[in-house]
Amino acid sequence: LLIVMAHYVYMVECWNGAYYTGYTIDLEKRMKKHKAGKGSKYVKSKGFKKLVYSESYPDKITAMKRQYVLKKSPRIYKENLVINQNLYKNSNEF
């Protein structure tokens, strides 16, 4: 039996408008932690608003490399990812 585990890179928006980029293997559990103020010191200090973006990868190394790239990316790049993912999700509703 082969169990495939997803590795997620995600961005949450904080109440000050900042994006926090993180990594997890359980996105739902991680969001609950952020909401409870236990996910990260940064999000706890700025206040969790909502999950705005996520990507999944088949292995941790690839996900961590992507997380590094996103953390170093300019805000406009992150905003475009969020907008494009939301447009794609909305287009599937029809």
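Keep in mind the model is a prediction, meaning the values are calculated, not measured.

**Q** I'm lost on the pattern of salt bridges in this one. Help?
**A** Any two side chains of opposite charge can pair if their charged atoms end up close together. In this structure the tally under the stated criterion is four salt bridges. Linking lysine 32 and glutamate 28 is a salt bridge whose minimum nitrogen-to-oxygen distance equals 3.6 Å. Taken as a pair, lysine 32 and glutamate 28 lie in helix H1 (residues 27-35) at a separation of four residues, close to a single helical turn. One exposure class covers both lysine 32 and glutamate 28, and it is exposed.

**Q** Mind showing me how you'd approach a positive patch on the surface here?
**A** Together, Lys29, Lys33, Lys38 and Lys44 make up a region of like positive charge exposed at the surface. Under the relative-accessibility criterion, lysine 29 is labelled exposed at 51%.

**Q** Is there a simple way to explain helix H3 (residues 60-72) in this structure?
**A** Quick reminder: α-helices carry 3.6 residues per turn. Residues three or four places apart thus point the same way. With 13 residues, H3 extends 18 Å between its outermost C-alpha atoms, agreeing within 8% with the 18 Å of an ideal straight helix rising 1.5 Å per residue. What H3 keeps buried is the set Ala63, Arg66, Gln67 and Leu70. Taken down its axis, H3 places every buried residue within 105° of arc, on the same side. Looking at H3, the residues exposed on the side facing more than 90 degrees away from the buried face are Ile61, Lys65, Tyr68 and Lys72. If you check the start of H3, you find a side-chain oxygen 3.3 Å away from the backbone N of isoleucine 61, and it comes from aspartate 59.

**Q** Looking at this structure, how should I read the sheet that holds strand E2 (residues 19-24)?
**A** Strand pairing in a sheet is mediated by backbone hydrogen bonds. Such pairs are either parallel or antiparallel. As summarised here, the arrangement of the three strands in space is E2-E1-E3, forming an open sheet in which the pairing is antiparallel. Sheet topology places E2 and strand E3 (48-57) at the edges, where each strand pairs with a single neighbour. Geometrically, the sheet is characterised by an average inter-axis angle of 25° between neighbouring strands, direction not taken into account. The pairing of strand E1 (residues 7-14) with E3 spans eight bridges and is classified as antiparallel. Across the sheet, glutamate 13 pairs through a bridge with lysine 50, a residue of E3. In the packing of H1 onto the sheet, the strands contacted are E1, E2 and E3, and the crossing angle to E1 comes to about 25°.

**Q** Just to check I follow, could you spell out the nonpolar core for this structure?
**A** If you look at soluble globular proteins, the nonpolar side chains tend to sit buried side by side. Judged by nonpolar contacts, Val9, Met11, Tyr19, Tyr23, Val52, Tyr53, Tyr57, Ala63, Leu70, Leu81 and Val82 together constitute the single largest core of 11 residues. Secondary-structure elements contributing two or more residues to this core are E1, E2, E3, H3 and helix H4 (75-91). For this core, the leading source of residues is E3, giving three residues. The contact partners of valine 82, leaving out residues within four places of it in the chain, are Met11, Tyr19, Val52 and Tyr53. In terms of nonpolar packing, the next biggest core, distinct from the first, is built from eight residues, Tyr10, Tyr20, Val43 and Phe48 among them.

About the cut-offs
- Counting of residues starts from 1 at the beginning of each chain's written sequence and follows it residue by residue.
- Where totals are concerned, whole chains, interfaces and linings use all residues; where local detail is concerned, this predicted model gives features only for residues with pLDDT of at least 70, and gives and counts side-chain atom pairs only at 80 or more.
- Side-chain numbers here rest on the full set of heavy atoms in the structure, without hydrogens or water.
- Any carboxyl oxygen of Asp or Glu that lies within 4 Å of a side-chain nitrogen of Lys or Arg is treated as forming a salt bridge with it.
- The helix and strand labels rest on DSSP assignments: H or I over at least four residues marks a helix, E over at least two residues marks a strand, and numbering proceeds from the N terminus.
- Three exposure classes are used, based on accessible area relative to the maximum for each residue type with a 1.4 Å probe and protein chains only: buried under 20%, partly exposed in between, and exposed over 50%.
- The patches reported here contain residues having more than 30% relative accessible area and no salt bridge. Joining distances are 9 Å for like charges and 5 Å for nonpolar side chains (Val, Leu, Ile, Met, Phe, Trp, Tyr).
- The Shrake-Rupley method, run with a 1.4 Å probe, gives the accessible areas here. Residue values count only the displayed protein chains as cover.
- Only four residue types enter the charge count: Lys and Arg as positive, Asp and Glu as negative, with His and the chain ends excluded.
- Think of each charge as sitting on NZ of Lys, CZ of Arg, CG of Asp or CD of Glu.
- A helix is expected to reach a length of 1.5 Å times the quantity of its residues less one.
- In this context, the arc is that of the directions from the helix axis out to the C-beta atoms.
- For the purposes of these results, a polar contact is taken to be a pair of N or O atoms within 3.5 Å, where, inside protein, one atom must be able to donate a hydrogen and its partner to accept one; residues adjacent in sequence count only when each atom of the pair is a side-chain atom.
- Two strands are counted as paired when DSSP detects at least two bridges linking them.
- Every angle, taken between N-to-C directions, lies between 0 and 180 degrees, and every axis is a line fitted to C-alpha atoms, over only the stretch in contact when it is a helix.
- Should any heavy atoms of two residues lie within 4.5 Å, those residues are considered in contact.
- Side-chain atoms within 4.5 Å link the members of a nonpolar core, which is a set of buried Ala, Val, Leu, Ile, Met, Phe, Trp, Tyr and Cys residues.

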